[in-house]
Amino acid sequence: MPLNQPLSALEQRDEFIARHIGPCPTEVAAMLAAIGADSLDQLIDQTVPAAIRLPADLPLPTPQREHEALATLKAIAGKNVINKSCIGMGYYDTLTPTVILRNVLENPGWYTAYTPYQAEIAQGRLEALLNYQQMVIDLTGLEIANASLLDEATAAAEAMTMARRVSKSKSNRFLVDAACFPQTIDVVKTRAGYFGFELVIAALDTVKDEQFFGALLQYPNDNGEVRDLTASIAGLKAGGATVAVATDLMALVLLKSPGAMGADIALGSSQRFGIPMGFGGPHAAFFATREAFVRSMPGRIIGVSKDARGNTALRMALQTREQHIRREKANSNICTSQVLLANMAGMYAVYHGPQGLKTIASRIHRLTAILAAGLKRAGINVLTKQFFDTVHFDLGARAESVYRDASGAGYNLRRVSAGVLGIALDETTTRHDLTTLFKLITQVTLDVEAIDGQVAADPALPSTLLRSDAILPHPVFNTHHTEHEMLRYLKSLQNKDLALDHSMISLGSCTMKLNATSEMIPVTWPEFGGMHPFAPREQTAGYQEMIAGLTEWLKTVTGFDAICMQPNSGAQGEYAGLVSIARYHASRGEAQRKVCLIPKSAHGTNPATAQMAGMQVVVVDCDEHGNVDVADLKAKAEQHAADLACLMITYPSTHGVFEEAIRDICAIVHANGGQVYMDGANLNAQVGLTSPGFIGADVSHMNLHKTFAIPHGGGGPGMGPIGLKAHLAPFMANHAVTAIDGPHAGQGAVSAAPFGSASILTISWMYLAMLGGSGVKKATQVAILNANYVARQLNDHYPVLYFGKNGRVAHECILDIRPLKAVTGISETDIAKRLMDYGFHAPTVSFPVAGTMMVEPTESESKTELDRFIAAMVSIREEIRQIENGVWSADNNPLKHAPHSQADVVDAAWPHPYSREQAVFPLPWVAANKFWPSVNRIDDVFGDRNLNCACPPMSAYAD
């Protein structure tokens, strides 16, 4: 750099912009020339309708350098006060094994991967998830488990809707035990209201011979009480109810399982298996049921199948099943799970094994028993009679002073009610903690050794409540207990997975952009990780400041007046947005407004969400260019003017174009009394150029795990906060346990924690702090440039299905494979599998149009990487031409046999008309960084017909 540069240039305030954006200025110029544009500004003028362009740049702060942004956020984090939490209520401190912390949570090989739809290059993640499912099956005593849900409260809501699907009861009533966690009751209330279920919240002992279609019980319950639920479950089931039990995995290490007590469903949070509390998340909820109900179970299931060689191979089972996204017939909309956190929880069980877990659980229980026995000796009225880790005790008038003294000494107790406090102990609790707490409560010293001998001889739990069956007998839970073994096991799984640390993942509508290291670092800071979601407000100043800052930035970016941070996935954001609309209409005496217009191009989550919000879906046609048919929209809006609730629309459209008529579309809906919900899946094409609020939307969700750099984690975590115009703000979600200040007081929750998965909001905070207003605009411009470059380069080989008015696409393009399939039999699936041989993950397959591939390169990919992908796609087209020309037969060619594994290369037999080199090194540069699929093509049909979601015996791997 010349020495005569001004200091302002040498300070490199905007250096991160160039780190985040892939193409350098020289590459940008070359790409612009290739697509026939003189500048980025001209490209945007040709792509984004002038009517919706922002009149000025976003007033976001000046970009910060990486170290400066980290220092700023560290200072904010320092304002949090991290007391030892004894609050419990489903959230407990835990010790994340550092080998898992470093090699999973902090490892881009795990956190930058996508949902394992392409199973052949996701075998590591799939094995980790299968371990998780096996762990849940063993501990819950049920026959089948899924690969995680969003949190315990939403899992309970899913259990309710599943109960309605499978129960033969004519009743419309659902029983919730009053001793369930209050945040769970809050979320279930919200969900039940829009399905029209009658919720009965009552103490279990008071329910006699009543009819319910389902019931939710808690074990151990909110009071810490452990009760044998066998008789209660039997009574409810005799009346036709499907019974769900919300439970605790750590407690189930010792306690009789829900399955053994007759439960139909077991659910809860796996947080205390090594996942930081993080002010509420992200945490993986678990969900298990009986095999007879598997096709009604929400969420994703990892199943065991076989590959083309007959070897054991894993995949997402029932991948296309109706229940995954059932559109307007849906009861569930679980489009995001918590894969990264489920993998961590499963690995926690792998690392500790059954004996290690029993030791941890026994220690937690023993410390609790010592505390309870000591309190009783001191004359304290202990209200919890049979417990695992939580006791409530009555201190009367002394309760408040003890609570304050404990807080001052570094401990957060739970205020249960007037005079009653609660203490929940966990894996991190020590003898010192016990003696300190005891002295704070009683003013005397606890004799730990003496009481330990007493409770060891006279256990606090009767043998009838303890489990007698073995847990986690599979070899995977009994092998990797040294750090060396665990490290190698984790590495072996990572080696089987293709993630962003290897190559571009060009999935349309999924925005697989850079998850920068500086954005990820604060996630594991203890100042953020160690915070209970219900900690006293005065201790959470750092979180409040970080969230408030991010809120203001997101308001600026989206053009909305309010932001609700609670939804912990994009699907939850959709739901929260439609709930806000429904509440708004009801407040105006227009509760009859239940019609939701949705273009037929929409993602299946849109109609699924509308159904969950109690709305009736009316499908709007699209024209031959992929745009909404405005005439059809107008006719249907006018037809339903008296009962129109809203329009759900994605912008740019799911077809990858900026629709010119978007403002007219919004105006038509508003003129007929409806609201406009804008799906934020494609927000990455808007930021800095336009915004949902400026266009005319009333509410929109933001996929922070797409546009704002939170990684996909192999299929979760996600975050889907919503932005709302002022008139909808009073109707966004609040929380029953820790109310959030604002006009929305008293509104029911949609997620378990007040701010959803709060700890990963730090990622989006860092993203916006480092890019600033100029950076986010440049990112959007380059995302559009990259997509147009790919579209132009591939259009002669695979026709691009939709272009906008000026022959441009938005930030993604759709390649039409149907003509090739008609001639050669080669499908989009075959191309997806063949791309694995070139070292790439496939674009989105058969969405939003069957027989197509949707490509979104994002702004983070350089021209060099784009050119490699383009070269791979062109090479594959030449391979297809060999089939067209009769050189290769329709059933014996590199595409039909893709992907090729190392076993293919060393196999003595080679029954193919193409060479081994052509199979595995189809272009010269592939060999330099070869990714080897660990299995051959997987038999999906076999896996669905022979569903098995548990770990196979080791002999299966040997075979």
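Here the structure is a predicted model, which means the values were calculated and not measured.

Of the regular secondary structure elements, the protein holds 33 helices and 25 strands. Taken over C-alpha atoms, the radius of gyration comes to 28 Å for the protein, in line with the 30 Å a tight globule of 959 residues would show. With the principal axes as the frame, the protein shows a C-alpha extent of 85 × 70 × 70 Å. Residues counted as buried form 65% of the 959 residues belonging to the protein. Taking as baseline every contact in the protein between residues at least 6 positions apart, the subset at least 24 positions apart corresponds to 77%. Per element, the accessible surface of the protein, about 31400 Å² overall, is 52% carbon and sulfur. Averaged over its 78 positive side-chain charges, the protein has a centre that lies 3 Å from the centre of its 93 negative ones.

In this section: the environment of I87. By secondary structure assignment, the location of I87 is in the loop between strand 1 (84-85) and helix 6 (98-105). On a C-alpha basis, the gap between I87 and R415 in space is 8.4 Å, while along the polypeptide they are 328 residues apart. With residues near it in sequence (within four places) discarded, I87 still touches N412, L413, R414, A424, H532, F534 and A535.

Bringing the sheet that holds strand 11 (residues 381-382) into the picture now. Taken in spatial order, the 4 strands line up as 11-12-15-14 in an open sheet, and their pairing is antiparallel. Edge strands, defined here as strands with exactly one partner in the open sheet, are strand 11 and strand 14 (414-417). As judged from the 5 bridges shared by strand 12 (residues 390-394) and strand 15 (residues 420-424), these two strands associate in the antiparallel manner. Looking across to strand 15, one finds that D394 is bridged to V420. Relative to strand 15, helix 14 (residues 399-408) is tilted by about 35°, and along the sheet it contacts strand 14 and strand 15.

Closest axis-to-axis distance for the helix 21 (residues 570-587)/helix 22 (residues 605-612) pair is 9 Å, and the angle between their directions is 45°. By the angle between their axes, helix 21 is oblique relative to helix 22. Relative to helix 22, helix 21 is oriented so that their crossing is right-handed. Every residue of helix 22 that contacts helix 21 at A571, E574, Y575 and L578 is listed here: T605, N606, T609, A610 and M612. Its residues assigned to classes, the contact of helix 21 with helix 22 shows 5 nonpolar, 3 polar and 1 charged.

Moving on: the packing of aromatic side chains. As enumerated under the stated definition, the model contains 19 aromatic pairs in all. Ring geometry for F528 versus Y543: centroids 5.0 Å apart, planes at 65°, classification edge-to-face. You can see F528 sitting in helix 19 (residues 526-529) and its partner Y543 sitting in helix 20 (residues 541-558), a full 15 residues away along the chain. Assessed through its relative accessible area of 0%, F528 is described here as buried. The exposure class assigned to Y543 is buried, which follows from its relative accessible area of 0%.

A word on the sheet that holds strand 5 (residues 214-219). Ordered by their spatial adjacency, 7 strands build an open sheet running 2-8-7-6-5-3-4, and the pairing between neighbours is mixed. For this open sheet the edge positions go to strand 2 (144-145) and strand 4 (198-202), each flanked by a neighbour on one side alone. Pairing between strand 5 and strand 6 (residues 242-248): 6 bridges, direction parallel. Each residue of the ladder has a partner; that of Y219, found in strand 6, is T247. Against the sheet, helix 8 (residues 123-140) touches strand 2, strand 7 (265-269) and strand 8 (285-289), its axis set at about 60° to strand 8. On the sheet, helix 10 (residues 182-195) packs against strand 3 (173-177), strand 4 and strand 5 and is oriented at approximately 160° with respect to strand 4.

On to the layout of surface pockets. Counted as a void, the second largest pocket has a volume near 460 Å³. As for the second largest pocket, its lining consists of 29 residues, and the residues nearest its centre are L500, H502, S503, M504 and E865. Of all the elements in the fold, those that place two or more residues in the lining of the second largest pocket are helix 2 (15-20), helix 7 (108-111) and helix 29 (863-884).

Once that is clear, we can look at the nonpolar core. Counting 288 residues, the largest nonpolar core has M135, L216, L267, F273, M615, F708 and I831 as the members making the most contacts within it. A total of 19 residues in this core trace back to one element, the largest contributor, which is helix 26 (residues 761-794). Look past the residues within four positions of F708 in its chain and what remains in contact with it is L554, V557, L683, V687, M702, N703, I763, S764, Y767 and L768. Among the nonpolar cores identified, the runner-up in size contains 32 residues, and I370, F387, L413 and V455 belong to it.

Along strand 17 (residues 595-599), 5 of the 5 residues are buried, which leaves the element largely enclosed by surrounding structure. Side chains V595, L597 and P599 project from strand 17 onto one buried face, and the interleaved C596 and I598 project onto a second face that is buried too. The pairing of strand 17 with strand 18 (residues 616-620) spans 5 bridges and is classified as parallel. Within the sheet, the bridge partner assigned to P599 lies in strand 18 and is V620. Taken together, strand 17, helix 22 and strand 18 constitute a β-α-β crossover, and its handedness is right-handed. Sheet analysis places strand 17 next to strand 19 (residues 644-650), joined by 3 bridges and oriented parallel. Opposite V595, over in strand 19, you have L644 as the bridge partner.

Cut-offs and rules
Residues numbered from 1 in each chain as written. Predicted model: local features only at pLDDT ≥ 70, side-chain atom pairs only at ≥ 80, totals over all residues. Heavy atoms only, no water. Helix = DSSP H or I, 4+ residues; strand = E, 2+ residues; numbered from the N terminus. Rg over C-alpha atoms; globule rule 2.2 N^0.38 Å. Buried < 20%, exposed > 50% of the residue type's maximum accessible area, 1.4 Å probe, protein only. Contact = heavy atoms within 4.5 Å. Areas by Shrake-Rupley, 256 points an atom, 1.4 Å probe, with all protein chains shown as cover. Lys, Arg positive; Asp, Glu negative; His and termini not counted. Charge placed at Lys NZ, Arg CZ, Asp CG, Glu CD. Pairing = 2+ DSSP bridges. Axes fitted to C-alpha atoms, helices over the stretch in contact; angles between N-to-C directions. Parallel < 35°, antiparallel > 145°, perpendicular 65-115°, else oblique. Left-handed = near helix turned anticlockwise from the far one by under 90°. Nonpolar A, V, L, I, M, F, W, Y, C, P; charged D, E, K, R; others polar. Phe/Tyr/Trp six-rings, centres within 6.5 Å; stacked < 30°, edge-to-face > 60°. 1 Å grid on protein atoms, 1.4 Å probe; cavity = no way out; pocket = protein on both sides within 12 Å on 5 of 7 lines; lining within 4 Å. Points joined across faces, edges and corners; volume = space filled by probe spheres on them. Core = buried A, V, L, I, M, F, W, Y, C linked by side-chain atoms within 4.5 Å. Right-handed = clockwise from strand over helix to strand, strands pointing away.

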